[in-house]
Every structure is written in C-alpha cells, then in structure tokens.
Amino acid sequence: MAKKWVYLFTEGNADMRELLGGKGANLAEMTNIGLPVPQGFTITTEACTQYYEDGRKINDDIMAQAMEGVRKMEEINGKKFGDLDNPLLVSVRSGARASMPGMMDTILNLGLNDEVVAAMIKGNPDPAFERFVYDSYRRFIQMFSDVVMEVGKKYFEQLIDQMKDKKGVKFDVDLTAADLKELAEQFKAEYKKQLGKDFPSNPVEQLKLAIEAVFRSWDNPRANVYRRDNDIPYSWGTAVNVMPMVFGNLNNESGTGVAFTRDPATGEKKLMGEFLKNAQGEDVVAGVRTPMPIAQMEQEFPEAYEEFIKVCDTLENHYHDMQDMEFTVENKKLYMLQCRNGKRTAQAALKIACDLVDEGHKTEAEAVAMIDPRNLDTLLHPQFDADAIKNAKPLGKGLGASPGAAAGKVVFTADDAVDWAGRGEKVVLVRLETSPEDITGMKSAEGILTVRGGMTSHAAVVARGMGECCVSGCGDIIMDEENKKFTLGGKEFHEGDTISIDGTTGNIYDGIIPTVDAKIAGEFERIMSWADKYRVLKVRTNADTPADAKKARELGAEGIGLCRTEHMFFAEDRIAAFREMICADTAEARKKALDKILPYQQSDFEQLFEALEGYPVTIRFLDPPLHEFVPHEEAEQKKLAADLGKTLEDVRAIVEGLKEFNPMMGHRGCRLAVTYPEIAEMQTRAVIRAAINVQKKHSDWNVVPEIMIPLVVEVKELAYVKKVVVETADAEIEAADIDLKYEVGTMIEIPRAALTADEIAKEADFFCFGTNDLTQMTFGFSRDDSAKFLGAYYDAKILENDPFAKIDQEGVGRLMEMAIKLGKPVNPKLHVGICGEHGGDPTSAAFCHKIGLDYVSCSPFRVPVARLAAAQAAIAEQNEKNEKKITAEDVQEKLRGVADKAVEVGKVVVETGKEVAKAGIAGAKAGFQEARKTYQENKKNQ
C-alpha cells in the first residue's frame, strides 16, 4: 500500500501533531469540534523529510497526492483551481510540530495569474471588487517572489513607496484599482529583471514551487537558530498546509486579526489582540497600518465578534491552555485560520499555570509540565525596558552566555572596571577573553562582553555564577586592547563610550538602553513548591562565595555541588602568599607560604558551611595550572621579585617554566597534589577545621564536608591523594576530639576515568561529572575556541547543538551512564552528581534524571530552572509508566474479552453438540423402529 503523504483536515486530529505538525493537527481538531475552518489538507512532516532525502525534490507520489488533495478541496468548496469561471485560490503555510512563530514561510493568494484576474473582474463589475483583485494579485507576486524565489521584498517595497509618493497617499489602502494594476505589472517586470524569466502563470507550477519553498524554509538560517535555541530536532521537518483563501481584504466588511485568550505579557484572563479592516494577515504582523484593539471589532462586525468570543471560550476549554489565534472575517463571516498554545513571558506563564489549576483546567503536575524552564532565567535578572528595546537595532551579536541586561561605559581591563565602579560609574567590561585574575573586575562590572569563548568559557561560567549578564564569543569585534578600543558594526568604540548588552539573546547595542529590575511574582514560589513535590533529582549549586551560596539557598539549592577553591586565591590579600608558594624552592618553603593562606581558606569554608546550614558542601581542591596565578606583566614581576628577595630574571624563569603548550591537559588538578602534596594538606586542614568549628557552633546541624579531587585518570592517583587527605583530616579530627564525618570523592571529567569507574569507585565516596572538561576531552574541542567553527558544523548538519551547552547524550552521556553502571555495583553507597554547566540546562537535567544521578549542580540563578526541569523529567517518566500500564491493562482487558467470548462460543458448541447428539439418537431410534416395522411386514407377507 502506498504511503499516505496527504491528509484532509477531516482526517486528522490534535494527537497527530508529529505527522501533521502543530498547525495541521489544530486545524483538523478545530474542524472536528465544529469551528468555521476553510477546508483544506496537510502534507505531512514525513514528506518534508523525504524531500531532503531525495535531494531537495518533491517526488511524484507526494505531488500526485497533493493534487488529489486539491481535487477534493475543489469538491468541498465548489470552486476549481486555475478555473476562469470560479477560481479556487489557496494559501500555503508551514507548520512544524513545535510552534516556531515567524521562523518559516507562508504564501497567500496562490492561483492568481493574468487570465484568472481578468476573469474574476469580468464576473463582478464593482470597482471595489476590481481593487480587491489587483490588491490580492500584487500581494501574491510580492510574497511569491520573496518567499519562493528569494527575490528580496525591498525591491517591491520601493516600488510601493514610489507609487504612494506619486499618488500623494500615505497608506496602501488608499491606492486605487488602477494604481494596484500598474503595481502588479511593475512587480512582474521586477521579477523578470531579478531572475531573467517571466513570473510563473501556471497554478500547478505555483503550488509545487510554494510547497518546495515551505519545505526549504525548514532549513533557513532563522529557523536553524530558533531550533538550536529551543531544542527542536532538525529531523522533525515541517508540514505544509494548503487551504482555500478567505479574504480579509475583500471590502470594508472584511478584515483580519490575531488574538490571545489571555494577556501573553501578564497572564491576566482577558482577551488581547488586534484587528484590521480590509486587510490580510501580513498587514497586522508587518505593522504597515496601525491595527485597532480586538474589542473594537465588536462595533465593526458585531455578529462575527460574538461568534469569535464563543470560539475563544470553546478553544480554551478544549485545549485547557491560553490560545493564540489567527482569523479572518470575509463579508462579516468569521473563519479560523490557526490556533496554538500561545507564547508568553515567564511572568505570564507562572500566572496562567496557577490560574488554570484554580479554574480546574489543569492538575498541579500538568501546570508544572507546561512551563518552559529556560524562561525562568528572565525572572531573576534585570531586563531591558520593553518599549525601549522595541526601537533598538543590534549593532552585533555574540552568544547569550549569562542572562540579563546591562548597560554602561566601556572599560578594557579588570582594574579599570574596579576603579570606575568605585567612582560610581556603571561599566561593561570588554575583553578579548577573561581569565581568573579578572574576577574582581568582573564583579565590579554591570556586564561582560568577550570576543572569544563559548558558552562554557571562563567569562560565561563565572558570570552565570555571579548572576551577571555576559555576552561571549562576538567574533565580529575587531579588538585593540592595547589602545583601549574596538570596532563593531562599522563604529569604533573607545574607553568611556556607552554600550548595552543582552545576555539572553547575545545582542549588542550602541548607547544606553534603560533596564528594569527583575520581579518575582507570587506564583513563582507556588510553582516551585509543586515542582519540589514531584522531582526526584536533588539540586545543588556551584558557589565559591558566601553571597553566591546564600542566593542559591534562597532560590532552593540543597547544597553546594562545586566550590572552586582557586577563585579564593586571587584576592589582593592572598595572591602574594600563593605566588610565594609557587616560587618556593623547597617543600618547607612551600609549606611556610601555604600556612599564610590557610586562615583565609578556613574562613572562606566556615562562611560557606554557615550559609548552607548543614546541607552538603562539595569542595574541589586546586584545579587550574599554576601559570594562571603568576604575573605576566613586567611591573608585577618586578614587585614579586622584590617581595621574595629574588632577581627579576629568577621570577621570569619561574614564569617561563610554568608555561605549557596545552595547559588544559597539563600540570593541573590532582597532578598538582601528587607533585606538591603540601597543597592538598593545607586545603584539607582548612576544610576540616572549618567544619569542626561550624559543627561545634551548631550542634543540630550535620556538617559533612565532601572533598573532591579533580582530574583523576587513574585509581592510583586518587588513592595517593586520598591518603594525604585522610591522614591529615583524621589527625585534625582526633586533635579536636570530635566525631566528624567527611567524604572523599572525585570528578569524572576524563574519558578514561569513566571507562575505569569500577576501579575508581573502590576509592571514592562519590562521583561528580565535570561535564565541561569531559565534553572537551571527549570531543577534542577546546571549549574556549570551538565557537569559531561550530557555526559551520551547524550549517553542515554535523551537529545540531553546542555540546558545551547541552549534554551530548550519545557520546558524553554514554560515558556518564557507563561510569554509573560500573561504579555503583562496586560501591553501593556511591552518590553521583554533575557540576558542569550542563546541570542548569533543562534537557541535560532531564537526561541526568533518566540515567539515575542523585543531583545536579548549577550556578545559583539557574537553580530554579534545574528544579523545574527535574520535576518535569519525573512527571514525564511517570506519565510514560501510566501510559504503559494503561496499554497493558487494555491488552489484558481485550484478552479477557477474547477469553470470555471463547468460553461462550465453547458453551454454544457444547450445547449444540448435545442437541445434535440427542437428535442423532432420536433419529437412530426412529430409524431402528422403522426398519423393524418393515422387517416384520416383509416377514408377514412371505
């Protein structure tokens, strides 16, 4: 049987979204519930996939079924495609299974040509009708040229503007039929000028080209970016919806509009929308004319408005969610062209979800499941003023690495950021790339902009931890740090010039755009409390300071999953001692320098334990290579030499000796502790002494520090460092005469560690996946440089997402799953978490739930995102189990029904057998009696 590529609206329903796309499924569903939908058909998403498999060609079978759909549409609507007497004009619209507003293409008024136009006008001599026909024709030529043939719409807009200037009118609607007829001719001439061929007049050719264009739009640049941002797989494809045109531009008793059943900005339960008389849908969206509020439609078309209000109620009660609808009124009659669950702000999403529960539309679990976790970011950070950002044009774009909005004066060094901020100036720190020594300047700045680096670069990771706006990897910037200037979008910026950056979109703007503070609505806590009811996965935070830890606790963190101790060494009062340790010639000299740092480290850890109030705190021992801590400027090297009583040449030699060709795979992590065990001794003392002090102060808390050894690749490495830790910790605990428990675990961030996790688990109390490095090591991509070439990988469909932003489940994820399966049987008490930046990504958190992690850890402001994502993963898993249970019960019920029927049939067979047997016996008796009688009669006659 041939594959079915085309479905009439009467053949589909809302459950067929994967096949028919969201728009097609909803058009079918609206048809099923009796709403006024122009009856057409949908070409499936599978046909789109086939189009790409066939080398971007529509095969004959798909096109034949599409034309059969046209024939059936002609029967339903009583018009014929391409006919001169009663022509059927159609719209061709995209419709992926996930809503992608404005990302793909639409063509209206298809089927028009010179002959059809002339025939339509001939059949209706009304001048207003003639104007409508030419208006539709010029729209079709422009839209077809732009969308299908990729001739820029600017050429046609220039011709429209010239015509309006020539006629002395302001709006398109003021042009006459003759003006529009002339424009149509000009448009066709422009088409030929641009493409070297005549505008296609055959409606079937127009339709085929339009369907191809919609399929092609699935792979256009804006759709690709939207898919990456919204986790929509390329493999899904888009459907194509072909339906009869209804004309909002027919006359002044016609119009078109877009509406929402609730306010998409605030969530308030009231109808919101806009309507335009004598217009087509593109006019509302394009803003060519100012539309009227939807309520005004009641005065213009009272009957259609009354019906529309009923439709709104019907749809919201049917879908149990806020609806976004497109509609047209033709000669006062309402037609529904689309409905979908409406896009909304994070604030509106929370309110709508809570209201739907209160109104009985949703359960708490359903309310939790309907909110996009990524949108919560916008609730927790300053944003640009909505009115101001509407009129702002981006000068450039980087990666939205840490959400929020920032505006201020440009500075180029961390020291300048501190100085300027100290004078009360708001600054944006612009760097080629940041390093750990920039931390103080990053804290002082309103936002951070870097030329290099990806979503897990130093700038991105630190900014997210601080809840600070960051745009990274803007490769279009031409940077001149030495002279404190950069060029972007043709403009040169100097120190003190003003810029604004959007850490959510990655957009960069010239000048100051006003920002507004984040507002957390009352519904936030309500939704979060529901989420916590359902989630299984714990959520910790990555925090290095008490302020970060406190903020994370406010946002629901259940512990610290990663404290990076190296950030603590960069403060002015301790970097000198740490550099003294690095430059020391003997172990004794190193210990002497480390003793100066120990009180600072201990104080830091005490504050973290206090902030977490007995919740777990995982402290990662020193990880970065030592070259990051030494000075590289001559002035600072001279100062260090003077402080240490060394020559400048000695210090230079030390600095040069620490340089590595590949420092990320060099002398760092546990390798430092193996080479210099005194570093691990000092850090252990600081951790254990801090824990002892806090435990004594708060006897009702259960302080159990978790010491994490980074970058382990071999179990003997871990055993070596663990021995140093355990001996030092046990001695401190014994000296304090206290019962204090602690754990020693490791980061799994090198593939070999995952592959030998069964051995490593013998020495580890816990595993924590450092997925930033694990991704880097697995892919062989530098996380700071990969942004330079990932764009080419997206275009070539080699990768769909940045693996540093979302866990690569097929590679990195498989290593994680393997490590868990190897480690837990060896050590049943082993607990497992993740502390790479992936912990705050919703799809990655869902994967962590699926493979059985105990917790995820992420930056403080991403904690609510992870809480919600973890709840949604648990709810989805439970729903899947319920569906399987229902399916199994259905099968059992059917089997019981079959068995019962078989028993009934068996009984009938038995009863029938009995009756047959009785009849047989009776027949036999009768036969015997007859035979006996015959025998006796024969004997008598002899």
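Above this text sits the structure in question.
Draft legend 1. Representation of the nonpolar core in the model. Among the nonpolar cores identified, the biggest contains 94 residues, and Phe 605, Phe 609, Ile 709, Phe 769, Met 816 and Leu 853 are the most heavily contacted of them. The residues contacting Leu 853, other than those within four sequence positions of it, are Leu 537, Phe 769, Met 816, Ile 820, Val 832, Gly 833, Ile 834 and Cys 848. One finds Val 6, Leu 112, Phe 187 and Val 214 within the second-largest nonpolar core, a separate group that totals 69 residues.

Draft legend 2. Local environment of the sheet that holds strand β21 (residues 485-488). Spatial ordering of the open sheet is given by β20-β21-β22, a layout of three strands whose pairing is antiparallel. Single-partner strands in this sheet number two, and they are β20 (478-480) and β22 (491-494). If you compare each strand with its neighbour and ignore which way they point, the axes differ by 15 degrees on average. Note that β21 and β22 share four bridges and pair antiparallel. Looking at β22, one finds that Leu 488 is bridged to Lys 491.

Draft legend 3. Quick peek at the packing of aromatic side chains. In the structure shown here, the tally under the stated rule is 24 aromatic pairs. Here the aromatic cluster, defined as three or more aromatic residues joined through ring pairs, consists of Tyr 51, Tyr 52, Phe 215 and Tyr 234. A cation sits over an aromatic face here: Lys 3 above Trp 5, 5.6 Å from the ring centre. Directly above the ring of Trp 218 sits Arg 227, whose terminal nitrogen or CZ lies 4.3 Å from the centroid.

Draft legend 4. Examining the packing of helix α2 (residues 45-53) against helix α8 (residues 203-217) more closely. Following both chains from N to C, one finds α2 and α8 inclined at 85 degrees, their axes separated by 10 Å at the closest point. Taken together, α2 and α8 sit at an angle that is classed as roughly perpendicular. In contact with Ala 47, Cys 48, Tyr 51 and Tyr 52 of α2, α8 contributes Glu 212, Phe 215 and Arg 216. Classifying every residue of the contact of α2 with α8 gives five nonpolar, no polar and two charged.

Draft legend 5. Local environment of α2. By the burial criterion, the buried members of α2 are Thr 45, Ala 47, Cys 48, Tyr 51 and Tyr 52. Along the axis of α2, the buried positions cluster into a sector of 155 degrees, meaning they face one direction only. Against α1 (17-32), β2 (41-43), α3 (60-77), α8 and β7 (238-244) lie the buried residues of α2. Just downstream of α2, Gly 55 is the residue with a positive phi angle, here 75 degrees.

Draft legend 6. View of unusual backbone geometry. A positive phi angle is found at Glu 613, which is not glycine, with a value near 50 degrees. You can see Glu 613 is positioned in the loop between α22 (587-612) and β28 (617-620). In this model, Lys 797 sits at a positive phi of 60 degrees, which is unusual for a non-glycine residue. Note that Lys 797 resides in the loop between α31 (787-795) and α32 (812-826). Lys 797 gets classed as partly exposed once you look at its relative accessible area, which sits at 28%.

Draft legend 7. Representation of the packing of α3 against α8 within the structure. Their axes nearest at 12 Å, the elements α3 and α8 cross at an angle of 120 degrees. The pairing of α3 with α8 is recorded here as oblique in orientation. Note that α3 runs across α8; the crossing there is right-handed. Contacts from Met 63, Ala 66, Met 67 and Val 70 in α3 reach Val 204, Leu 207, Lys 208 and Ile 211 in α8.

So, how was this worked out
- Residues numbered from 1 in each chain as written.
- Predicted model: local features only at pLDDT ≥ 70, side-chain atom pairs only at ≥ 80, totals over all residues.
- Heavy atoms only, no water.
- Core = buried A, V, L, I, M, F, W, Y, C linked by side-chain atoms within 4.5 Å.
- Buried < 20%, exposed > 50% of the residue type's maximum accessible area, 1.4 Å probe, protein only.
- Contact = heavy atoms within 4.5 Å.
- Pairing = 2+ DSSP bridges.
- Helix = DSSP H or I, 4+ residues; strand = E, 2+ residues; numbered from the N terminus.
- Axes fitted to C-alpha atoms, helices over the stretch in contact; angles between N-to-C directions.
- Phe/Tyr/Trp six-rings, centres within 6.5 Å; stacked < 30°, edge-to-face > 60°.
- Lys NZ or Arg CZ within 6 Å of the ring centre and 35° of its normal.
- Parallel < 35°, antiparallel > 145°, perpendicular 65-115°, else oblique.
- Nonpolar A, V, L, I, M, F, W, Y, C, P; charged D, E, K, R; others polar.
- Arc of directions from axis to C-beta.
- Left-handed = near helix turned anticlockwise from the far one by under 90°.

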